[in-house]
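# Commentary on secondary and tertiary structure
Spelled out, the chains give:
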Amino acid sequence: MPNPGAYDTVKVLLVDDDEDDAIITQALLEQSSLPRFEIDWARSYDAGLTRIKERQYDIGLLDYNLGSRTGIDFLREVHADSPHAPIIMLTGQGNESLVLQALESGAIDYIPKRNISSENLQRTISHGIEKIRLQEELAAHQRQLEKTNKELKQRNNEIQRFYHLLAHELKTPLTAASEFVNILLESIPGSLNPAQTDYLHLIQGCCQHLDRNINDLYEITRLETGKLSLNQQPEALAPLVKDVLHYLAPKAQAKNMALHTSLAPDLPHVMMDVQRIRQVLLNLVGNALKFTENGGTILVQAYEDPLCSDRVRVAIQDTGMGIPQSQLTGIFERLYQVEKDPSTASPGLGLGLFICRELVKLHGGTMSATSTLGKGSTFSFTLRCAQ
Ligand code: ADP
């Protein structure tokens, strides 16, 4: 047991030690033309157990009274070995109250003997077989899901290891190359002509870009392996915002862009790891600068979140190219980059926003974005107010 699915012929094991009842049940089953019932009658408790072990049945019909033992004992014994064996209990006059006990012991259904009829038997058996088929299908799906889940976890671990190895293998020679570029730029081995100096600055820029990407890979592995811990303290946001904007001012000037702030005057302190929130702000304001045309404006706001009184919301608004609505939900995913014209594509791994959101989540906050194509975007995140 079980062998559901054989719908044209259904193999039934009838366990009943009352000969008259068994004959009636068999006769009622034989009235059916489709499905055809192939009935095997076990006249005692022990005979029933032996048959079940020897043969495969689609369904069992079990009487409650079986000599000195009961159908409940039978169910328990069978289900200890085969928990899904499909058995229907036949309850006699006076023992209907045992229905609950039978169902708890694994019976898939019951038929009161006083209601027994050919249609009733057929219907209950079909339902029972269908129930078992669905249970098995569900169990198979569950097994498949567990297997897929395990494979995904394994693959994720491999990717983590790969990121880590890649970052390590790239970082060492890159650090050496940067050092040598700096030595050349400082004219230690000899003086440079202007063209050589320009080329070396280009190389230095490329090294810095590569270094940022490698650091992102490191961050990802640390975040996803739970190795990144925060040092959260009650801190003021205003000095941090000022510091970040001061750091990025030359970039904004180079693109003739205005950097504005609007910080609520009585802003409470927030719980944060200053270095990590600095990293988030640098990334968000950096993106705003990157994806806004020359002459645009960036506004950094901080205010008590109207939706949640114990949170401060920090919002970075730009007048840049915007993001299509269809892609707005994807941008926080790992390695996601908005599809765009290759000529305007920016170099990057698509890890920045993912890292920002994970860092904010570690702080107990949330991050979201709104955007209008061609008009600009607003990225905002929340932080918990310090008590
Ligand atoms: P990357 O490091 O490649 O820039 P991010 O995760 O920081 O990756 O950003 C993912 C993508 O989201 C970017 O490639 C860009 O297309 C889009 N994006 C992010 N910030 C902005 C913004 N302020 N305006 C328009 N597009 C943005």
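Residues numbered from 1 in each chain as written. Predicted model: local features only at pLDDT ≥ 70, side-chain atom pairs only at ≥ 80, totals over all residues. Heavy atoms only, no water.

## Regarding the packing of aromatic side chains
All told, the structure shown has 2 aromatic pairs when counted by the stated rule. Considering the side-chain rings of Y45 and F74, the 5.4 Å spacing of their centres and the 85° angle between planes classify their relative orientation as edge-to-face. Taken together, the positions of Y45 in helix 2 (residues 45–54) and F74 in helix 3 (residues 71–81) put the pair 29 residues apart, joining distant regions of the chain. Take Y45 and F74: they sit in the same class, and that class is buried. With a centroid separation of 6.2 Å and 75° between ring planes, the pair formed by F332 and F379 is classed as edge-to-face. Of this pair, F332 sits in the loop between helix 9 (325–328) and helix 10 (352–362) while F379 sits in strand 14 (residues 376–384), and the two are 47 residues apart along the sequence. Accessibility assignment for this pair places F332 and F379 in one class, buried. Directly above the aromatic system of W41 lies the positively charged group of R43, at a separation of 4.0 Å from the ring centroid. (Phe/Tyr/Trp six-rings, centres within 6.5 Å; stacked < 30°, edge-to-face > 60°. Helix = DSSP H or I, 4+ residues; strand = E, 2+ residues; numbered from the N terminus. Buried < 20%, exposed > 50% of the residue type's maximum accessible area, 1.4 Å probe, protein only. Lys NZ or Arg CZ within 6 Å of the ring centre and 35° of its normal.)

## Here we look at the pairing of strand 3 (residues 59–63)
Judged by how many residues are buried, strand 3 sits mostly within the fold: 5 of 5 residues are covered. Neither face of strand 3 is open: one carries I59, L61 and D63, the other G60 and L62, and all of them are buried.

## Details of the sheet that holds strand 12 (residues 311–318)
Reading across from one edge, 9-11-12-14-13 is the order of the 5 strands in this open sheet, with mixed pairing throughout. The sheet terminates laterally at strand 9 (258–263) and strand 13 (367–372), the two strands that pair on one side only. Each neighbouring strand pair of the sheet contributes to a mean axis angle of 15°, computed without reference to strand direction. Contacts from helix 7 (residues 238–254) reach strand 9 and strand 11 (297–304) within the one sheet, and its direction differs from that of strand 9 by about 170°. (Pairing = 2+ DSSP bridges. Axes fitted to C-alpha atoms, helices over the stretch in contact; angles between N-to-C directions. Contact = heavy atoms within 4.5 Å.)

## Focus: the nonpolar core
Side chains that are nonpolar tend, in soluble globular proteins, to be buried together. Membership of the largest hydrophobic core comes to 51 residues, with the highest contact counts inside it found for L237, V280, L281, L284, I316, I331 and F381. Ranked by residue count, the leading element in this core is helix 8 (residues 274–290), at 7 residues. Judged by nonpolar contacts, the second largest core, of 20 residues, contains L13, A42, A85 and A102. (Core = buried A, V, L, I, M, F, W, Y, C linked by side-chain atoms within 4.5 Å.)

## Digging into the pairing of strand 14
Within strand 14, 7 of the 9 residues are buried, which leaves it mostly tucked inside the rest of the structure. Taken together, the 7 bridges between strand 12 and strand 14 define a ladder with antiparallel strand orientation. Residue A315 lies in a different strand from strand 14, and its bridge partner there is S380. As defined by bridge partners, strand 13 adjoins strand 14 across 6 bridges and the pair is classed as antiparallel. Directly across from A369, in strand 14, lies its bridge partner F379.

## Quick look at helix 3
Among the residues making up helix 3, those that are buried are G71, I72, F74, L75, V78 and H79. Seen along its axis, helix 3 keeps its buried residues to an arc of 155°; they face one direction. Away from its buried face by more than 90 degrees, helix 3 exposes A80 and D81. (Arc of directions from axis to C-beta.)

## Regarding the packing of helix 1 (residues 19–30) against helix 5 (residues 118–185)
Look at helix 1 against helix 5: their axes get within 8 Å of each other, and the N-to-C directions meet at 80°. With respect to helix 5, the axis of helix 1 lies roughly perpendicular. Residues T25, L28 and L29 of helix 1 pack against S118, L121 and I125 of helix 5. The residue inventory of the contact of helix 1 with helix 5, partitioned by class, reads 4 nonpolar, 2 polar and no charged. (Parallel < 35°, antiparallel > 145°, perpendicular 65-115°, else oblique. Nonpolar A, V, L, I, M, F, W, Y, C, P; charged D, E, K, R; others polar.)

## Some remarks on the sheet that holds strand 3
The 5 strands lie next to each other as 2-1-3-6-7, forming an open sheet whose pairing is parallel. The open sheet terminates on both sides in strands that have one partner only, identified here as strand 2 (36–42) and strand 7 (109–112). The average angle at which neighbouring strand axes cross in this sheet is 25°, direction not considered. For strand 1 (residues 9–15) and strand 3, the ladder comprises 4 bridges, and the chain directions are parallel. Bridge assignment links L14 to a residue of strand 3, and that residue is L61.

## Some details on the confidence of the model for the protein
Residues at a pLDDT of 70 or more form 95% of the protein, whose mean pLDDT is 90. Within the protein, the element-level pLDDT minimum falls on helix 4 (residues 99–104), averaging 88, and the maximum on strand 12, averaging 98. Confidence drops under pLDDT 50 across residues 1–6; counting only partners more than four residues distant or on other chains, this segment forms 23 contacts. (pLDDT = per-residue confidence, 0-100.)

## Points about a negative patch on the surface
A cluster of acidic residues, D17, D18, E19 and D20, forms a negative patch on the protein surface. One can find D18 in the loop between strand 1 and helix 1. (Patch = residues over 30% accessible without salt bridge, like charges linked within 9 Å, V, L, I, M, F, W, Y side chains within 5 Å. Areas by Shrake-Rupley, 256 points an atom, 1.4 Å probe, with all protein chains shown as cover. Salt bridge = Lys/Arg side-chain N within 4 Å of Asp/Glu carboxyl O. Lys, Arg positive; Asp, Glu negative; His and termini not counted. Charge placed at Lys NZ, Arg CZ, Asp CG, Glu CD.)

## Structural notes on helix 7
One full turn of an α-helix is made of 3.6 residues, so residues set three or four places apart face in the same direction. With 17 residues, helix 7 ought to run about 24 Å at 1.5 Å a step, and its terminal C-alpha atoms sit 24 Å apart, in line with that. Where helix 7 bends most, the angle comes to about 45°, and this point is L248, followed within four residues by the proline P250. Residues of helix 7 that are buried include every one of L240, V241, V244, L245, L248 and A252, and no others. In the core, the buried residues of helix 7 are packed alongside strand 9, strand 10 (270–272), helix 8 and strand 11. (Expected span 1.5 Å × (residues − 1). Bend = angle between axes of the 7 residues up to and from the residue.)

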